[in-house]
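Structural features, examined
The residues making up each chain are set out below.
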Amino acid sequence: MDDFDGFFERNYGATLRAVGLAIGDAGRAEDLTQEAFARAFRRWSSVSKLERPVAWVYVVALNAERKRWRRDRHEAGRERTAATVPDVAGGVLSTIVVRDALDRLPPRQRAAVVLRYLGDLTVADIADVMGCAEGTVKATLHQALANLRVDLDGSEP
Amino acid sequence: MNLDELRAELDRLAGPEVLATDDVRGAVRRRADRARRRFGAMAATATVVVVVLVAVLVGGALRSGDGSNIKVASVPPTTTVADHSCDSHVAITPANDVPSDVAAWAQGAPVVGHGGLWTARSAIAVRALRQPDGTWLLKFPWFTRPFGVPQINGRRLDGAGSFHSDANAATDQRGTWVASSLAFSTSGCWEVTARFGGATITFRTLVGSPPLPLAIGTISGTLREVGGPAPGRDLTVAGTVRGEGTQGSWEARTTPGGDFSIDVPVGTYRVTGSSPVFLNDLRDACGGGTAVVTRGHTTSVQVICPVR
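Thresholds applied
- Residues numbered from 1 in each chain as written.
- Chains lettered and ligands numbered in written order.
- Predicted model: local features only at pLDDT ≥ 70, side-chain atom pairs only at ≥ 80, totals over all residues.
- Helix = DSSP H or I, 4+ residues; strand = E, 2+ residues; numbered from the N terminus.
- Contact = placed C-beta atoms within 7 Å.
- Buried ≥ 20, exposed ≤ 12 C-beta atoms within 10 Å, placed from the backbone.
- Pairing = 2+ DSSP bridges.
- Axes fitted to C-alpha atoms, helices over the stretch in contact; angles between N-to-C directions.
- Nonpolar A, V, L, I, M, F, W, Y, C, P; charged D, E, K, R; others polar.
- pLDDT = per-residue confidence, 0-100.

1. Some details on the overall build of chain B
Tallying secondary structure elements over chain B gives four helices and 17 strands in all. Sequence-distant contacts, at least 24 apart, represent 61% of the contacts inside chain B between residues at least 6 apart.

Structure, rendered in structure tokens:
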């Protein structure tokens, strides 16, 4: 069994950064992430046996966000249209432009793309975090990447 | 943009790397322990209720046992990881542990503090503004219970610099709190410590944009009382350890057990110490020799107070 100290050492920083960017609130992310690791510490004998304990931490940290994502999901397509990224300098995007585009994504698209490509969570992990089916996560990622004008080049999101 | 470029942009947007410091690790464990105690107390209450119900139902007398099996988990030993970033180093207080007047003052936003001294987490993320005279100024709020003005000190971790603070009462719809001005003489990584009514808040703040990583290391060790009449003694004592060197001076209070640890700029320091158990005329009679501090490393020093 991995020890909690090692797990904390390896994962705290990356989890905090991903949660912060996913919800767009660094202060709140710190609170949510610390609380999630505290719960992992309390249940470490069982959490450590999971295939990916860090995915469990993400689920706990972002639990409160689920309602918002669900609400957003129902509203998506009815009244919200995510602004797409302007094609700057032949497709070369600056960090500022990406940040602007990320800020304009619907919350669940933003979270999905951050958890997948910054947090390195699997589609199945993200489905657990967001409380939806894997197919829904894939569809959300496709929409988000399209809005961000990411060239998939035949690869799966 | 392809996926690799997206990953790189997200990594940039997420900000600098965050270290899992001992402070945060300790805060996480304290949260876990508090939750465990709360759960233990609830379990104990539930046990008592069940016992009473059973006793009533069977008509028997309630025998002994109050069910208060509250256990505090033992904290596993931690490894020391030197942190030489200028991360703010704060542990947010769980919402359940925030007094109602503090929560009202912060309007529900995350706070940092304990006992009589509190501040808003978001305030720590604010950067100081450069003033026309070249100094840097940070407006900073505190909430004290009962109201009072905290003692505020600051020191630069990565070089020389002077600090000045000014604090006054401020009153608005949230009540009365403390509005302070923190003035830093130069850019760099600064550590600010506020004390009030036995409570302490310490955080780091990056003033301006100095080169990273910080050129700092750690000095740690023990203040000891050694010697005396035969057979002599070797005891740890509480007190203060000081250093003077090429990069300025520093001062660290020891724990009651005589241990100290402090991050200081890289350099060479002459280490001395004193303890309230000694007479005033023996102040600084304790010596630790010369300590060479290198970047990212911990230098151990034994500060010896010789006793005749």
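2. Quick notes on the environment of Val-28 of chain B
As for its placement among the helices and strands, Val-28 of chain B is situated in helix H2 (residues 22-58). With 24 C-beta atoms packed within 10 Å, Val-28 of chain B lands in the buried category. Residues Val-28 of chain B and Ala-91 of chain B, 63 residues apart in the sequence, show an inter-C-alpha distance of 8.2 Å. When sequence neighbours within four positions are dropped, the list of residues in contact with Val-28 of chain B reads Gln-34, Phe-37, Ala-38 and Phe-41 of chain A.

3. Description of the sheet that holds strand E9 (residues 199-207) of chain B
All names here are of chain B. Spatial ordering of the open sheet is given by E5-E8-E9, a layout of three strands whose pairing is antiparallel. Pairing within the sheet leaves two strands with one partner each, and these edge strands are strand E5 (151-156) and E9. Here the strands of the sheet are splayed against their neighbours by 20 degrees on average, with no regard to which way each runs.

4. Considering the interface of chain B and chain A
The interface is formed by 36 residues belonging to chain B together with 36 residues belonging to chain A. For the side of chain B that touches chain A, the elements supplying multiple residues, two or more each, are helix H1 (3-13), H2 and helix H4 (121-124) of chain B. The element contributing the most residues to the side of chain B that touches chain A is H2 of chain B, with nine residues. Among the residues making up the side of chain B that touches chain A, the classes are represented as 21 nonpolar, five polar and 10 charged.

5. Brief notes about the confidence of the model for chain B
Residues and elements named next belong to chain B. When pLDDT is averaged across chain B, the result is 78; 80% of the residues are at 70 or more. In the model of chain B, H2 stands out as the element of lowest mean pLDDT, 65, in contrast to strand E2 (residues 117-120), which has the highest, 94. This stretch, residues 58-83, has a pLDDT under 50; its non-local contacts, to residues over four places away or in other chains, come to 35 contacts. Overall, residues 280-284 carries pLDDT values under 50, and its contacts beyond four positions in sequence, including any with other chains, amount to three contacts. Of the two predicted TM-score estimates for the complex, the pTM is 0.47 and the ipTM is 0.80.

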